[in-house]
Amino acid sequence: MKHTRVLIFTGGELSPRFLEEIQNGDFIIGADRGALYLIEHGIRPNLSVGDFDSIPPEQMERVRSMSEKVIDCDPIDKNLTDTELAFDLALDKSPESILILGATGSRLDHTLANIHMLIRGLQHHISCSILDENNFITLTGTSCIVENKGFTYVSLLPLTTEVTGIHLEGFEYPLHDATLRLGQSLGVSNKLAEDKGTVRIEGGLLLIIQSKDG
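Residues numbered from 1 in each chain as written. Predicted model: local features only at pLDDT ≥ 70, side-chain atom pairs only at ≥ 80, totals over all residues. Heavy atoms only, no water.

Looking at an unreviewed UniProt entry, the chain carries the name Thiamine diphosphokinase, with the source organism given as Paenibacillus vortex V453.

Engineer: Sorry, what's going on with the environment of Ile 98 here?
Structural biologist: Along the chain, Ile 98 turns up in strand S5 (residues 97–101). Considering only alpha carbons, one finds Ile 98 and Ile 130, 32 residues apart in sequence, at a separation of 8.6 Å. Leave out the neighbours within four places in its chain, and Ile 98 touches Val 6, Ile 8, Phe 87, Ala 90, Leu 91, Ile 126, Ser 127, Cys 128 and Ser 129. (Helix = DSSP H or I, 4+ residues; strand = E, 2+ residues; numbered from the N terminus. Contact = heavy atoms within 4.5 Å.)

Engineer: Looking at this structure, I do not really get unusual backbone geometry. What am I missing?
Structural biologist: Excluding glycine, residues mostly have negative phi values, and the peptide bonds linking residues are mostly trans. One non-glycine residue, Phe 52, adopts positive backbone phi at about 55°. Among the residues examined, Phe 52 registers a relative accessible area of 6% and is labelled buried. Positioned with a positive phi, Asp 177 is a non-glycine residue whose angle comes to about 55°. Along the chain, Asp 177 falls in the loop between strand S10 (162–169) and strand S11 (178–181). (Buried < 20%, exposed > 50% of the residue type's maximum accessible area, 1.4 Å probe, protein only.)

Engineer: I'm lost on the domain arrangement of the chain in this one. Help?
Structural biologist: Here the chain is described as being made up of domain 1 (5–133) and domain 2 (143–211). Just the C-alpha atoms count here: the centres of domain 1 and domain 2 sit 27 Å apart. Each partner contributes residues to the interface: domain 1 has eight residues there, and domain 2 has four residues. Among the residues domain 1 hides against domain 2, the three largest losses belong to Ile 115, Ile 119 and Leu 122. Together they make up 59% of the total. The interface formed by domain 1 and domain 2 contains zero salt bridges. Taken together, the connections running from domain 1 to domain 2 amount to zero residue pairs in polar contact (both at pLDDT 80 or more). (Domains from an automatic or database assignment. Buried area = accessible area lost by both parts, 1.4 Å probe. Salt bridge = Lys/Arg side-chain N within 4 Å of Asp/Glu carboxyl O. Polar contact = N/O pair within 3.5 Å; in protein donor to acceptor, adjacent residues only side chain to side chain.)

Engineer: Can you walk me through the pairing of S11 in this structure?
Structural biologist: Walk down a regular strand and you will see the side chains alternate between the two sheet faces. Burial along S11 is one-sided: Ala 178 and Leu 180 are buried, and none of Thr 179 and Arg 181, which face the opposite way, are. Bridge count between S10 and S11: three bridges; the pairing is antiparallel. By the bridge assignment for S11, Ile 166 is matched with Ala 178. (Pairing = 2+ DSSP bridges.)

Quick look at the structure:
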């Protein structure tokens, strides 16, 4: 069965409202504690993956019995984080989009690594996003429609040394043929002026972060 969207629930900060993101036809992956989280909330993962070193043995048996498929790995010999293992498996399915939940938290190194994974989604021509309680993060190398998802701000941050030819439409502070460079805050805390806005760039990679105060 061809799935147009993959949802990855990973082991960071998860909220019960994230379960509302699940739609019919989604392929659902639980990474490490994300798998247990899904099962505890009555969701059967299509796939559970990870080293599962944070799950007690009795709970691990529950993950095995309640998942359609389980892929586990040695926590010592593995080279990838559980989230990246899940992301690789999501890419293999060639969906139209991938949404990652629980990819942020107190570990800044894991959060940044997960944001950087969005680059690989672009390389595979797959739209990839990260959602948490206060942020919706996506990445573009060409153009993107920004829909109002109930967040207050829209910030633009370069993920390459510079991003050139930036054009914004439908924002309170439009830009025309602008350039953003690493270390600049020019693109922080813009707002949508309409229900949708358009971001177009001519060069580089641009993070689009919709956010609200916690």
